[in-house]
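Geometric and topological summary
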Amino acid sequence: MRWFGRASSEPLWKEEFSVRTADERYVTRRQLTKFLVLTSLGMFVGNVWIFIRSLFYRAPAYPRQTVAKLGEIAVGQVKLFTYPAPDDHCILVRTGENQYVSYSQKCTHLSCAVYYSQSNDRLECPCHQGFFSIKDGSVLQGPPSRPLPRVILEADGEYLVATEVKA
Ligand code: FES
């Protein structure tokens, strides 16, 4: 191609554009150092922010909530309720004359609802055969790696009151 009035054979835009193609991939030591320093600084600031937030973190305060009347359910029977939020489903099991236990009903594997198997005396998740101990919510079998969160109960007069959830 011929360019009138100019000695160079390169197109005008290439002459005016100051970056040389051969230099585009070349990263100087100074540029690399600048990138590493800025990235490290960003990570440092992020970690300081997380640390400061952890200093001021307060565990959520759980409400006291009546979940059942004592003797309302027979031994071996269950009652479902929600605690502490309306979408946190829990299961209450009467395991003895004066014994009650309660857990989150959400399986710690993939969140299916667990149910109480009276014949096996354990909590069972039907999705992947995850079984939990009724005594402490620990995993007996299956893919779940964590125990069920336990709802702490307190007798208050003739009522059972949920006071806290312990993971
Ligand atoms: S969701 Fe409960 S075992 Fe998988």
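Residues numbered from 1 in each chain as written. Predicted model: local features only at pLDDT ≥ 70, side-chain atom pairs only at ≥ 80, totals over all residues.

Quick notes on the domain arrangement of the protein chain
What counts is decided by this rule: Where each domain begins and ends is defined by an automated method or by a domain database.
For the protein chain, the domain assignment lists domain 1 (12-55) and domain 2 (65-166). Placing the centre of domain 1 and that of domain 2 at their C-alpha centroids yields a distance of 53 Å.

Points about the sheet that holds strand E7 (residues 130-133)
Two modes of strand pairing occur in sheets, parallel and antiparallel, and in both the strands are linked by backbone hydrogen bonds. The cut-off we apply is this: In short, DSSP must find at least two bridges between two strands for them to pair. By the criteria applied, helices consist of DSSP H or I runs no shorter than four residues and strands consist of E runs no shorter than two, each listed in order from the N terminus. Comment: axis = line fitted to C-alpha atoms, over the contacting stretch for helices; angle = value between 0 and 180 degrees taken between N-to-C directions.
Pairing is antiparallel across the open sheet formed by 4 strands, whose spatial order is E5-E6-E7-E8. In this open sheet, the two edge strands, each paired with only one partner strand, are strand E5 (115-117) and strand E8 (139-141). In this sheet, neighbouring strand axes are inclined to one another by 40° on average, regardless of whether the strands run parallel or antiparallel. Sheet analysis places E5 next to strand E6 (residues 122-125), joined by 3 bridges and oriented antiparallel. For tyrosine 116, the partnering residue across the bridge sits in E6 and is leucine 123.

Describing the environment of lysine 69
Short version of the rule: Here, residues touch in the contact sense if the C-beta positions derived from the backbone fall within 7 Å of one another.
The topology assignment puts lysine 69 in strand E1 (residues 65-69). Each C-alpha atom of the pair lysine 69 and glutamate 158 lies 6.0 Å from the other, and the pair is 89 residues apart in sequence. Sequence-distant contacts of lysine 69, that is, excluding residues within four places in its chain, are made with Glu158 and Tyr159.

A word on the environment of glycine 76
With respect to the helices, strands and loops of the structure, glycine 76 is situated in the loop between E1 and strand E2 (78-82). Residues glycine 76 and glycine 96, 20 residues apart in the sequence, show an inter-C-alpha distance of 7.4 Å. In contact with glycine 76, other than residues within four places in its own chain, are Arg94 and Gln118.

Some points on the nonpolar core
Selection rule: We call a set of buried Ala, Val, Leu, Ile, Met, Phe, Trp, Tyr and Cys residues a nonpolar core when their C-beta atoms link them within 7 Å. For the exposure call, what matters is how many other C-beta atoms sit within 10 Å of a residue's own: 20 or more marks it buried, 12 or fewer exposed, and in between partly exposed, using C-beta atoms placed from the backbone.
Counting residues in hydrophobic clusters, the biggest one holds 19 residues, and the most contacted among them are Cys90, Ile91, Val93, Tyr103, Val114 and Leu123. Taken together, the elements giving at least two residues each to this core come down to strand E3 (89-96), strand E4 (99-104), E6 and strand E10 (159-166). With near-sequence residues (within four places) excluded, leucine 123 lies in contact with Tyr103, Val114, Tyr116, Phe132, Ile134 and Leu148.

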